[in-house]
Amino acid sequence: MRIPVVSRLLSRKPRVAVIRLSGTIGGAGRGGGLNDAALAPVIERAFRRGKPLAVALVINSPGGSPVQSSLIAARIRRLADEADIPVHAFVEDVAASGGYWLACAADDIWADESSILGSIGVISAGFGFDQLIQRWGIERRVHTAGTSKSTLDPFRPQDPDDVARLHTILEPIHQAFKNHVQARRGTRLAADQDLFTGAFWAGNEAVGLGLADGIAHPIPRLKALYGDKVRFEVHGMRRPLLRRLGLSADLLMDAAEDRAAFQRFGARG
């Protein structure tokens, strides 16, 4: 005996879509990081496939590109508002810098006691090799059309004007980050402490500062919200076959970059 289509639809278990956001945040590049172009179909599918009761973001990211962080978070918010679907973020090891930007796209943020959250700041880092090439008798020859074309050249002594110019770029990006956090977290943020210095905190302290709403793991928390019969549908980026098999040459470069980024926040037991 065939069950009518309507009966089958009514008998389906309630569903929560789960989006995994793991890794550094960057442009399309070699394809290893989180970026809006690669995540767009994943996020769209999570919100539009049927109508889930909620979308859960499982985040493990030390950050990366502020632009890609903003684009991904904006896409999540747009779809959540259009479909009127609540979004919950769950932090694994790290939601720092751009990773925390993504977490703030959710309506609430949950973490493990040992999770690292925060690092609300912007950084530009590099090396200076001018003394090294002088020591080896190497002459640096640079010819530009445009007086600022060689700004921050690592093979020339640091120019204070270049540094001042860099700060005029970093400050607005930092302000955009702060605006996003303040808009999303609102009065939950501790008013008696500057949370925007680039500092980061472990789970319980982050909760006390209003950077997260509590200590919780995805499955028990979501079951508490939506019932024991809730079904989880996991969505994630599809990797090329060679990358999945570990045979891609650029996989090693991606892994090294990820490891270096995570180690900045990587307390280990």
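Residues numbered from 1 in each chain as written. Predicted model: local features only at pLDDT ≥ 70, side-chain atom pairs only at ≥ 80, totals over all residues. Heavy atoms only, no water.

Caption draft 1: Highlighting the overall build of the protein chain. Looking only at helices and strands, the protein chain features 10 helices and eight strands. Evaluated residue by residue, the protein chain yields a buried proportion of 40% over its 269 residues. Restricting to contacts in the protein chain with at least 6 residues of sequence separation, those with at least 24 account for 74%. On the protein chain, roughly 15600 Å² of surface is accessible, and the fraction owed to carbon and sulfur atoms is 54%. (Helix = DSSP H or I, 4+ residues; strand = E, 2+ residues; numbered from the N terminus. Buried < 20%, exposed > 50% of the residue type's maximum accessible area, 1.4 Å probe, protein only. Contact = heavy atoms within 4.5 Å. Areas by Shrake-Rupley, 256 points an atom, 1.4 Å probe, with all protein chains shown as cover.)

Caption draft 2: View of the nonpolar core. Of all hydrophobic cores here, the largest spans 46 residues; its most connected members are Phe47, Leu57, Tyr100, Ile109 and Leu211. Contributions of two or more residues to this core are made by strand E1 (15-22), helix H2 (36-48), strand E2 (54-61), helix H3 (66-83), strand E3 (87-96), helix H4 (98-103), strand E4 (108-111) and helix H6 (160-185). Look past the residues within four positions of Leu57 in its chain and what remains in contact with it is Ile19, Leu21, Ile76, Val87, His88, Ala89, Phe90, Leu102 and Ala106. With 10 residues, the next largest nonpolar core counts Val16, Val18, Ala54 and Leu222 among its residues. (Core = buried A, V, L, I, M, F, W, Y, C linked by side-chain atoms within 4.5 Å.)

Caption draft 3: Seen up close, the packing of aromatic side chains. The final tally for this structure, using the stated rule, is one aromatic pair. With a centroid separation of 4.8 Å and 20 degrees between ring planes, the pair formed by Trp101 and Phe177 is classed as stacked. Placement of the pair is Trp101 in helix H4 and Phe177 in helix H6, with a sequence separation of 76 residues. This pair shows no difference in class: Trp101 is buried, exactly as Phe177 is. (Phe/Tyr/Trp six-rings, centres within 6.5 Å; stacked < 30°, edge-to-face > 60°.)

Caption draft 4: Spatial organisation of the pattern of salt bridges. The tally for this structure, following the rule as stated, stands at 13 salt bridges. Ionic pairing is found between Arg20 and Glu92, a salt bridge with its closest N-O pair at 3.0 Å. Of this pair, Arg20 sits in strand E1 while Glu92 sits in strand E3, and the two are 72 residues apart along the sequence. The partly exposed category is assigned to Glu92, whose relative accessible area is 30%. Across the salt bridge formed by Asp81 and Arg77, the nearest N and O atoms sit 2.8 Å from each other. Here Arg77 and Asp81 lie together in helix H3, a separation of four residues that amounts to about one turn. Where salt bridges share partners, they join Asp36, Glu44, Arg48, Arg75, Arg78 and Glu82 into one cluster. (Salt bridge = Lys/Arg side-chain N within 4 Å of Asp/Glu carboxyl O.)

Caption draft 5: Spotlight on the confidence of the model for the protein chain. A residue-level look at the protein chain finds 81% of positions with pLDDT of 70 or above and a mean pLDDT of 84. Segment residues 3-11 is flagged for pLDDT under 50; beyond a separation of four residues in sequence, or across chains, it makes one contact in the model. (pLDDT = per-residue confidence, 0-100.)

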